[in-house]
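# Notes for the structure review
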Amino acid sequence: MWRLTALVLSGLCLLAGIPRAALAETFDVGFYDYPPMMIESDGSGIYQDILDEISKLTGDTFNVRYYPYPRISLLFNQGKLDIEPGVYPGWVKSQPVPGVFSIVFGKVDDALVFSPGKAFAVNSPNDLRGRSVGMVRGYAYPDLKNLIAEGLLDRRDALNEALLLKMMAAGRFDQIIINKAVAQYSIFNVPEYRYFEVGDVMNSYDVSMRVNPRHEAWLPELDEAILQLKKSGAIEKIYAKYGVSL
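Read on for a plain summary of the structure. These figures come from a predicted structure and were not determined experimentally.

Thresholds, definitions, all that
- Residues numbered from 1 in each chain as written.
- Predicted model: local features only at pLDDT ≥ 70, side-chain atom pairs only at ≥ 80, totals over all residues.
- Heavy atoms only, no water.
- Salt bridge = Lys/Arg side-chain N within 4 Å of Asp/Glu carboxyl O.
- Helix = DSSP H or I, 4+ residues; strand = E, 2+ residues; numbered from the N terminus.
- Buried < 20%, exposed > 50% of the residue type's maximum accessible area, 1.4 Å probe, protein only.
- Core = buried A, V, L, I, M, F, W, Y, C linked by side-chain atoms within 4.5 Å.
- Contact = heavy atoms within 4.5 Å.
- Phe/Tyr/Trp six-rings, centres within 6.5 Å; stacked < 30°, edge-to-face > 60°.
- Lys NZ or Arg CZ within 6 Å of the ring centre and 35° of its normal.

### Observations concerning the pattern of salt bridges
Throughout the structure, instances matching the rule amount to seven salt bridges. In this structure, Arg210 engages Glu84 in a salt bridge whose closest nitrogen and oxygen atoms are separated by 2.9 Å. You can see Arg210 sitting in strand E9 (residues 197-211) and its partner Glu84 sitting in strand E3 (residues 83-87), a full 126 residues away along the chain. Both residues of the pair, Arg210 and Glu84, belong to the buried class. Measuring nitrogen to oxygen at the nearest pair gives 2.6 Å for the salt bridge that ties Asp154 to Arg156. When its relative accessible area of 38% is taken as the criterion, Arg156 is described as partly exposed.

### Brief notes about the nonpolar core
Among the nonpolar cores identified, the biggest contains 61 residues, and Tyr47 and Met209 are the most heavily contacted of them. Apart from the residues within four sequence positions on either side, Met209 is in contact with Ile50, Leu51, Ile54, Ile83, Glu84, Pro85, Val100, Phe101, Ser102, Phe105, Leu222 and Ile226.

### Points about the packing of aromatic side chains
Evaluated as defined, the whole model comprises 13 aromatic pairs. Summarising the aromatic geometry, the rings of Tyr185 and Tyr242 are spaced 6.4 Å apart at their centres and angled 45° between planes, so their arrangement reads as tilted. One end of the pair, Tyr185, is in helix H6 (residues 180-189); the other, Tyr242, is in the segment after helix H8 (234-241), and 57 residues separate them in sequence. Here the aromatic residues Phe27, Phe62 and Trp218 are joined through ring pairs into a cluster of three or more. Residue placement shows Arg131 over the ring face of Phe120; its charged tip is 3.9 Å from the ring centre.

Listed below in structure tokens is the structure:
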């Protein structure tokens with residue numbers, strides 16, 4: 001049975017005297033280990049905390065499971081996951097099931113991070129001309145594509161952000177491109193990274209909750225909960241808890 005929209009549902013609850021929790025649903029959510037957004041070791045992280053706050057407002061239950069990252073898209077496309085958090089619609093527009101999206105709740109920024117004393121302003125991709133830059137293997141950086149292809153920028157790949165930071169601490173890089181939240185969280189928690197400098201943002205993406213289309217009627221309720229958390233400052237406080245500024 002199709003679910004009633006949040007507005008109609010809330011009205012029926014008031015008329016019938018039915019507690020909202022009695023009509024709550026359970027959603028399967030796909031996570032992968034990506035601190036500080038999702039931290040598998042203790043089931044914490046920014047996205048977990050946001051879902052916990054949404055649950056308090058809606059009464060819904062979010063059944064979170066961790067998977068290897070490539071499997072999340074497969075399961076979502078197969079209809080075996082209801083929600084994937086922190087997604088920019090453009091990243092999945094070519095997927096068999098792109099999904100439907102909540103209002104924006106956060107950002108994913110690709111930023112330059114420098115070893116101590118090596119920072120400089122980057123106002124355009126050409127400011128990186130002639131330099132070696134650490135990047136995550138397999139990640140696309142459209143603004144740098146031409147420089148890399150022409151051999152004007154030396155791309156040095158590492159398997160993930162954690163390795164990039166370790167390699168820079170070991171003197172392998174003077175600058176890397178990394179998720180800004182990952183950098184801030186790592187600098188906040190790892191003493192040997194304290195003197196790294198977070199520089200200019202290269203790319204910025206507004207992220208939302210990616211929801212399976214069969215739950216599209218639930219979106220107004222989800223959006224209202226996110227809006228409340230944004231207005232109250234709760235989401236900003238969750239990011240700050242992990243050393244991250246929006």
